[in-house]
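Listed below, chain by chain, are the residues.
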Amino acid sequence: MSHPKKSDEAFEDMLSGGHHNSLGRTVEVVDIILGDKGALDALFACYDSPDETVRLRTSSAFKRVLERILIGLLTMSTDSTTVFHALDSPLLNGHYLKS
């Protein structure tokens, strides 16, 4: 479940601890994902965590990644065709929903 990154800390560890209603280190995980889309599988694996806080923060991280990608796409292009072609990615086309 770990993925190499600056701290070599597993996402599950980064998303655990603290108050269950807080973000904890979710934003830090999102920044890592945005810098390395290959880390998505490691984040998705956190849904298997026995810790409900980790699972909740995993969902929050995916939501934030998606929001940041969409905002980036919409600000880069006013051409809707370009935006829709860019949306054809594993994260956005349901790859993780089918797993």
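This structure is a prediction, so every number in the text was calculated from the model and none was measured. (Residues numbered from 1 in each chain as written. Predicted model: local features only at pLDDT ≥ 70, side-chain atom pairs only at ≥ 80, totals over all residues. Heavy atoms only, no water.)

Peer 1: Describe the overall build of the chain, naming the residues involved and giving the relevant values.
Peer 2: Helix and strand counts for the chain stand at 6 helices and 0 strands. Along its sequence from the N terminus, the chain presents helices and strands in the succession α-α-α-α-α-α. Within the chain, the proportion of its 99 residues that are buried is 34%. Long-range pairs, those at least 24 residues apart, make up 58% of the contacts in the chain between residues at least 6 apart in sequence. (Helix = DSSP H or I, 4+ residues; strand = E, 2+ residues; numbered from the N terminus. Buried < 20%, exposed > 50% of the residue type's maximum accessible area, 1.4 Å probe, protein only. Contact = heavy atoms within 4.5 Å.)

Peer 1: Go over the packing of aromatic side chains, please, and point to the residues and values.
Peer 2: Inspection of every chain in the model, using the stated rule, returns 3 aromatic pairs. Ring plane angle 75° and centroid distance 5.5 Å describe the contact between Phe 44 and Tyr 47, whose orientation is recorded as edge-to-face. Assessed through its relative accessible area of 24%, Phe 44 is described here as partly exposed. Judged by centre distance (6.2 Å) and plane angle (80°), the rings of Phe 44 and Phe 62 are edge-to-face. (Phe/Tyr/Trp six-rings, centres within 6.5 Å; stacked < 30°, edge-to-face > 60°.)

Peer 1: Run through the environment of Glu 52, naming residues and quoting values.
Peer 2: Of note, Glu 52 is situated in helix α4 (residues 52–76). On the basis of relative accessible area, Glu 52 is assigned to the exposed category, the value being 58%. Between the C-alpha atoms of Glu 52 and His 20, which are 32 residues apart in sequence, the distance is 8.3 Å.

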